[in-house]
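Residue-level structural notes
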Amino acid sequence: MTCCYSKPQDSFPIKGFPPVPHPSPCWGGVSRARVCSAALPAEFRVPDPAPRSSSAPRGAASFQAQASPGVKLWVLHEARSVKLPSSVGRWPLGARPELLLAMEQPSKDVGDEKVRISYFREDGGVPAGRAVLYLTCVEVSLDADVTRSGAVCRTLLDKASWTWGPEGHGAVLLVNCDRDDPGAEGLDNEDGAVRSYNDLQDMAQLVLRTRGPRATFAGHRLLLHLDFGHADKIRVFYGGNGTELEMFQPVLGGSKLSYSVRPSRHHHESVFYVEGLAFPDVGFSGLVSLHVTLLESPGKGLLESPIFTDTVVFRVAPWIMTPNTAAPLEVFVCSVAKNEEFVAAVGALAERARCPLTVCPAPQNRQDRWIQDEMEFGYIQAPHKTLPVVFDSPRDLGLKDFPVKSILGPDFGYVARPAPEGVSSLDSFGNLEVSPPVTVRGKEYPLGRILIGSSFPRVGGRRMAKAVRDFLLAQKVQAPVELFSDWLSVGHVDEFLSFVPAPDRKGFRLLLASPSACYQLLKEKQEEGFGEAAMFQGLDRVPKPTINEILANEELRKFNDYAQVRTGSRRLRPIRVLLSPHPSFLPSIPPPILHHHPSLHPSPHCSVPPSIHPFLHGSISSSLPHPSIIHPSIHPSIHPSIHPSIHPSIHPSIHPSLPPAACPS
């Protein structure tokens, strides 16, 4: 934080050494200790008494150190630190002592503080020689919101490190992936300009503090710089002392690796704004470093030498997927041919939930009704801002333009990952789910775990696109789990499992599709005398088998035994143990179809459409789950709530749990 720059009057036998950390929040700390060590010239070393050449007089055996009022001194002698002045007046040179010095305030003038060393012989009371070190202390401090309090402040925490959890520290940076200016064509972080003050609010502040004699800064250079490998990950804007938007220009990022800062005579703080350009991904952990270095130029034509460097580490906030057990904020549904009643039913449901309904019209969706497969909602969060972000799948069918044209906007971000190797059904986001917060065998997952369907390890099976899997894994906080779903025709995990809120147990339940449970219910109805009740009433151009016909169909029975093996036993044991020891089973009978991967159920999210229920005495059988307590048969896309009281975050003051256990090592 501070730099003690020294200029000797005579050669001076003091080793430059870090001062002891001081409790002051403004000036103490490890950073300053390192600065002082780097600032002292190499010739300031405690010499051996003999035979090395030294500025100490020949025959000198001890020394005495005195400092001006603005300097604090300690002597390191025989592994102990003694503050000066002390009861010991003189210290032996033969024990190789080290002298530590610290200054708590920046100097007003160059060389206005000093340390004097007096040397003594064995039997002499008069100094045999003296040396004087003149000191100039300047403050050079690079600060960010390391404490995650929502404001930039000085701190004793190590700014050059980053740790997870409520007891952790480190600044958080958002990817500026929304579009605050409706007239812009791309995302805010794609244009290299600040178009609105809302745009600035999406960025993290970086404050450079400089204090000390003006002559010192006039003879040196302050350089703000970033690592070459991070140049495409962040961008830094600076507006000088102005507040007009036109004043803010990019000074770091891309081809700009460094920027010379000129400290102002009247302003001791320079405020920079940092935006993220990339999410964590393959080859990028999410950690980025920014540095400020004080450089000294020894003379014309000679290379500048660094006196002091201060570093701040940011972590780019991960994309966090929201579970469907959260309270909804907005419902999205597609209007296609002959689904007016369904859209109306979803609208009534949204009205009861007191959240707005957005209907994507047929010209925009181009008869693609599967909005759940097109996109998934999540958010990114820093102490200063929470930003909802829609994740656009690489399926790119009729709805491919909807997330960009209708959702991306002010304070609503966008992210996508292409699949250059080509896409399969498993790349649709019906194959992407997340559990509520869970604790498994003592390990906490406060943001839940992501679930994706995949193939059984064998040649030729389908898997989600590598770019999407890599992206999800790189976010770290929701540790993805792959489940065997490739045996299905569509292959989505939401065809056989879903999470719903529950007032007991863990606050949620895992619903699993169960052919055996459905057969048991149908058998009970047959025994009650309803064997001739027909299924699929209300649907056109589909067979309407009775309960007796279904139970007598051996081909259907064999196929459902095959499906039960994959949804009810050891195939899904990892997910049942991992997420919910008490899953609930929904009756489901998947019909055999002529595909290599048979479809389990016509309904995503394991819901039972009312049309497949047998009508008994003119009403739906009460023994089967009523559709009003589960999702509609064609699931609309729901933008879940991201209110801090519902969702945990990496901001410990909002939710006090994001321990290291939430991230894979």
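Residues numbered from 1 in each chain as written. Predicted model: local features only at pLDDT ≥ 70, side-chain atom pairs only at ≥ 80, totals over all residues. Heavy atoms only, no water.

**Quick notes on the sheet that holds strand 21 (residues 375–382)**
- A sheet is described by the order of its strands in space; here 4 strands give the open sequence 18-21-22-23, paired in mixed fashion. Among the strands making up the open sheet, the edge pair consists of strand 18 (320–321) and strand 23 (413–416).
- Note that strand 18 and strand 21 share 2 bridges and pair antiparallel. Residue I320 lies in a different strand from strand 21, and its bridge partner there is Y379. (Pairing = 2+ DSSP bridges. Helix = DSSP H or I, 4+ residues; strand = E, 2+ residues; numbered from the N terminus.)

**Some remarks on the pattern of salt bridges**
- For the structure on display, the rule yields 22 salt bridges.
- For R462, the salt bridge goes to D486, with nearest N and O atoms at 2.6 Å. Separated by 24 residues along the polypeptide, R462 in the loop between strand 27 (450–454) and helix 8 (466–474) and D486 in the loop between strand 28 (481–484) and strand 29 (497–501) bring together distant segments of the chain. Note on accessibility: R462 and D486 belong to one class, buried. (Salt bridge = Lys/Arg side-chain N within 4 Å of Asp/Glu carboxyl O. Buried < 20%, exposed > 50% of the residue type's maximum accessible area, 1.4 Å probe, protein only.)

**Observations regarding unusual backbone geometry**
- Geometrically, the link from L84 to P85 is a cis peptide bond, its omega value of -5 degrees lying close to zero.
- If you trace the backbone, P85 turns up in the loop between strand 4 (80–84) and strand 5 (91–92).
- We note that R354 has phi near 60 degrees; this positive angle belongs to a residue other than glycine.

**Some words on the packing of aromatic side chains**
- In total, this model carries 14 aromatic pairs according to the counting rule given.
- Between F391 and F429 the ring centres are 4.9 Å apart and the planes differ by 50 degrees, which places this aromatic pair in the tilted class. Of the two residues, F391 is situated in strand 22 (residues 385–392) and F429 in the loop between strand 23 and strand 24 (432–434); the sequence distance between them amounts to 38 residues.
- Owing to a relative accessible area of 0%, F391 belongs among the buried residues under this scheme.
- Taken together, the aromatic side chains of F279, W319, F391, F429 and F471 make up a single cluster linked through ring pairs. (Phe/Tyr/Trp six-rings, centres within 6.5 Å; stacked < 30°, edge-to-face > 60°.)

**Comments concerning the sheet that holds strand 3 (residues 71–77)**
- Read from one edge to the other, the open sheet built from 3 strands follows the order 4-3-6, with strand pairing classed as antiparallel. Pairing within the sheet leaves two strands with one partner each, and these edge strands are strand 4 and strand 6 (98–103). Taking each pair of neighbouring strands and ignoring which way they run, the sheet shows an average axis angle of 30 degrees.
- Alignment of strand 3 against strand 6, held across 6 bridges, turns out to be antiparallel. In the strand pairing of strand 6, V75 is matched with L99. (Axes fitted to C-alpha atoms, helices over the stretch in contact; angles between N-to-C directions.)

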